[in-house]
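# Survey of secondary and tertiary structure
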Amino acid sequence: MFRVLAFDPSMTMTGYAVLEGTACAEKLVHAGVIRPSKGNLAERLLAMADEIGAQVDSELSACAKAQVPLVLAVEMPAAKARAPSASFAQRSALTLPSY
């Protein structure tokens with residue numbers, strides 16, 4: 001079994017989802033949107049970074065209790081994904097160690 005924490009970032013909001021699965025099946029555990037309050041760009045990005053960090057910490061803790069690995073997946077922003085230099089490795093998932 002494993003869990004995937006996936007993010008779809010943008011400058012105004014970030015979507016996220018937690019999936020749980022095996023090699024044969026997966027299910028959505030929960031999903032949401034991080035929408036910072038109005039403010040300048042630096043304030044919005046800092047607020048989103050704080051909430052993303054809280055989601056990562058929460059999932060790492062849940063995975064440690066369940067003794068399952070956590071895979072972190074981050075969607076490349078659309079502007080970067082269209083660039084010819086964007087490689088598959090830049091869009092691929094990173095496996096974080098479980099504790």
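In this text the structure is predicted, and so the values were computed from the model without any measurement.

Our next topic: the environment of L60. Examined against the element boundaries, L60 turns out to sit in helix α1 (residues 41–66). Its relative accessible area of 18% is what places L60 among the buried residues.

The predicted model of the protein has a mean per-residue pLDDT of 78, with 77% of residues at 70 or higher. Scored below 50 in pLDDT, residues 84–94 makes 13 contacts in the model with residues more than four places away or belonging to other chains.

Attention now goes to the nonpolar core. Among the nonpolar cores identified, the biggest contains twelve residues, and these are L5, F7, Y16, V18, I34, M48, V56, L60, C63, V68, L70 and L72. Looking at this core, the elements that each hand over two or more residues are β1 (2–8), β2 (14–21), α1 and β4 (70–74). With four residues, α1 is the largest single contributor of residues to this core.

Let us look at the pairing of β1. Across seven bridges, β1 lies against β2 in antiparallel orientation. Residue pairing across strands places V4 opposite L19, the latter belonging to β2. As consecutive antiparallel partners, β1 and β2 are separated by five residues. Where β1 lies against β4, five bridges are found, and the strand directions are parallel. Directly across from R3, in β4, lies its bridge partner L70.

Time to look at the pattern of salt bridges. This structure, assessed with the given rule, holds three salt bridges. In this structure, R3 and E20 form a salt bridge, with 2.9 Å as the shortest nitrogen-oxygen distance. Of this pair, R3 sits in strand β1 while E20 sits in strand β2, and the two are 17 residues apart along the sequence. With a relative accessible area of 16%, E20 lands in the buried category. One salt-bridge network, in which partners are shared between bridges, spans R3, E20, K27 and E59.

With respect to the secondary-structure elements, N40 resides in the loop between β3 (26–34) and α1. Within the structure, N40 has its side chain in polar contact with the backbone nitrogen of A42 (distance 3.0 Å). Reaching out from N40, the side chain makes a polar contact with the backbone nitrogen of E43 at a distance of 2.8 Å.

Bringing the pairing of β2 into the picture now. Counting buried residues along β2, six of its eight residues qualify, which places the element largely inside the surrounding structure. The sheet contact formed by β2 and β3 spans eight bridges and is antiparallel. Note on β3: the bridge partner recorded for G15 is V33. Where β2 folds back on β3, the antiparallel hairpin that results is connected by four residues.

Analysis parameters
- Residues numbered from 1 in each chain as written.
- Predicted model: local features only at pLDDT ≥ 70, side-chain atom pairs only at ≥ 80, totals over all residues.
- Heavy atoms only, no water.
- Helix = DSSP H or I, 4+ residues; strand = E, 2+ residues; numbered from the N terminus.
- Buried < 20%, exposed > 50% of the residue type's maximum accessible area, 1.4 Å probe, protein only.
- pLDDT = per-residue confidence, 0-100.
- Contact = heavy atoms within 4.5 Å.
- Core = buried A, V, L, I, M, F, W, Y, C linked by side-chain atoms within 4.5 Å.
- Pairing = 2+ DSSP bridges.
- Salt bridge = Lys/Arg side-chain N within 4 Å of Asp/Glu carboxyl O.
- Polar contact = N/O pair within 3.5 Å; in protein donor to acceptor, adjacent residues only side chain to side chain.

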